[in-house]
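A look at the structure
Single-letter residue listing:
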Amino acid sequence: MKKIIIILIVIISGINGLYAQEVIRLYEGKAPGSEDWDWEETELGGGFPLVYNVVDPTLTVFKPEAEIATEKAVVVCPGGAFCMLSIANEGYDVAKWLNVKGITVFILKYRLDHLKTNDLAKEIADRKIGSEEHAKSIQPIIEMALEDGRTAIKYVKQHASEYNLNPDSIGIMGFSAGGTVTSGVAFTYDADSRPAFVAPIYPYVGYYSKNPVPADAPPMFIACTTDDGFGFHTHATALYNKWVTVQKATELHMYQKGEHGFGMKKQGLPVDNWTEQFIEWLNLQ
């Protein structure tokens with residue numbers, strides 16, 4: 001797969017110094033299946049940054065400081081109901097945290113459903129996000145996003161040496177809709193796109209839960225809350241049970257409180273510790 005860099009060395013603030021940012025297109029030309037999409041990706045700033053109308057899937061690279069770098073990497077998939085990406089809480093902030101742990105991060109901007117108006121709040125509310133009706137209506141988009149997830153893993157593995165990574169230590173983590181991408185990849189990868197580990201966080205699993213668990217299924221870390229407003233705790237436990245039933249390595253952290261979308265937020269609750277528990281789990285893989 002040819003490496004296509006569209007932005008190189010954009011310096012942004014991090015937790016511990018500065019991080020070089022590199023943005024790489026996943027496909028040469030138009031992404032397959034969405035060749036006729038002619039709208040433009042948009043990012044809203046402010047207190048809760050959002051990205052929407054992603055047409056051209058990309059990976060944004062965040063590298064740890066050289067002296068603490070490990071050979072591990074995570075493809076991170078922010079959530080947002082497949083119509084937007086919560087790019088800070090479930091993207092940039094995740095990259096900063098993992099970089100401090102010596103882990104290279106590739107934030108995936110996967111393809112999204114088209115938002116057609118300037119009234120984003122109303123348009124999103126009208127879609128009845130979290131309902132089975134909404135999930136069915138965007139199934140073609142989910143399939144495209146899942147292909148983006150597999151392509152992302154394949155890309156990072158193929159270019160592992162360029163980032164001083166072990167191709168057998170490259171995994172994927174996703175939040176909410178990004179958890180759909182993550183769990184979908186866990187069910188549908190091929191030899192080139194198999195992740196070393198998967199971490200769906202408050203995931204909506206969708207119909208991928210009907211797929212059989214692969215014979216060489218990667219280890220899985222799951223985190224969610226019982227008070228998840230969309231009821232995704234049932235998806236998390238079902239996913240855990242599928243892995244356990246076929247005796248595949250998995251770990252589930254189900255917290256009483258924290259609600260949907262906790263991500264990297266600090267709420268003064270036990271769920272705040274999921275990040276350290278993930279690192280402890282990852283160090284055992």
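Residues numbered from 1 in each chain as written. Predicted model: local features only at pLDDT ≥ 70, side-chain atom pairs only at ≥ 80, totals over all residues. Heavy atoms only, no water.

1. Observations concerning unusual backbone geometry
Positive phi values are uncommon outside glycine, yet Asn-53 reaches one of about 55°. Among the secondary structure elements, Asn-53 is positioned in the loop between strand S4 (50-52) and strand S5 (58-62). According to the relative accessible area criterion, Asn-53 is buried, its value standing at 6%. (Helix = DSSP H or I, 4+ residues; strand = E, 2+ residues; numbered from the N terminus. Buried < 20%, exposed > 50% of the residue type's maximum accessible area, 1.4 Å probe, protein only.)

2. Focus: the packing of helix H4 (residues 139-158) against helix H5 (residues 177-188)
At a closest axis distance of 9 Å, the pairing of H4 and H5 adopts a crossing angle of 70°. Compared by their axis directions, H4 and H5 come out roughly perpendicular. Read as a crossing pair, H4 and H5 show a hand that is right-handed. Residues Ile-142, Ala-145, Leu-146, Gly-149 and Arg-150 of H4 pack against Thr-180, Val-181, Gly-184, Val-185 and Thr-188 of H5. For the contact of H4 with H5, a count of residues per class yields five nonpolar, four polar and one charged. (Axes fitted to C-alpha atoms, helices over the stretch in contact; angles between N-to-C directions. Parallel < 35°, antiparallel > 145°, perpendicular 65-115°, else oblique. Left-handed = near helix turned anticlockwise from the far one by under 90°. Contact = heavy atoms within 4.5 Å. Nonpolar A, V, L, I, M, F, W, Y, C, P; charged D, E, K, R; others polar.)

3. Observations regarding the pattern of salt bridges
Taken as a whole and judged by the stated rule, the model has seven salt bridges. One salt bridge in this structure joins Glu-276 and Lys-101, with 3.5 Å as the shortest N-O distance. Taken as a pair, Glu-276 in helix H7 (residues 274-282) and Lys-101 in the loop between helix H1 (88-100) and strand S7 (104-109) lie far apart in primary sequence, 175 residues in all. Given the relative accessible area of 37%, Glu-276 is considered partly exposed. The shortest N-O distance in the salt bridge between Arg-111 and Asp-148 comes to 2.8 Å. (Salt bridge = Lys/Arg side-chain N within 4 Å of Asp/Glu carboxyl O.)

4. What to know about the nonpolar core
Counting 81 residues, the largest nonpolar core has Val-75, Leu-98, Tyr-110, Met-173, Ile-201, Trp-274 and Phe-278 as its most contacted members. Considering each element in turn, this core owes the most residues, nine residues, to H4. Within the second largest apolar cluster, eight residues are counted, among which are Leu-50, Tyr-52, Cys-83 and Leu-120. (Core = buried A, V, L, I, M, F, W, Y, C linked by side-chain atoms within 4.5 Å.)

5. Details of H4
The end-to-end C-alpha separation of H4 is 29 Å, in line with the 28 Å expected for 20 residues at 1.5 Å each. Here H4 lies mainly inside the structure; 15 of its 20 residues are buried. (Expected span 1.5 Å × (residues − 1).)

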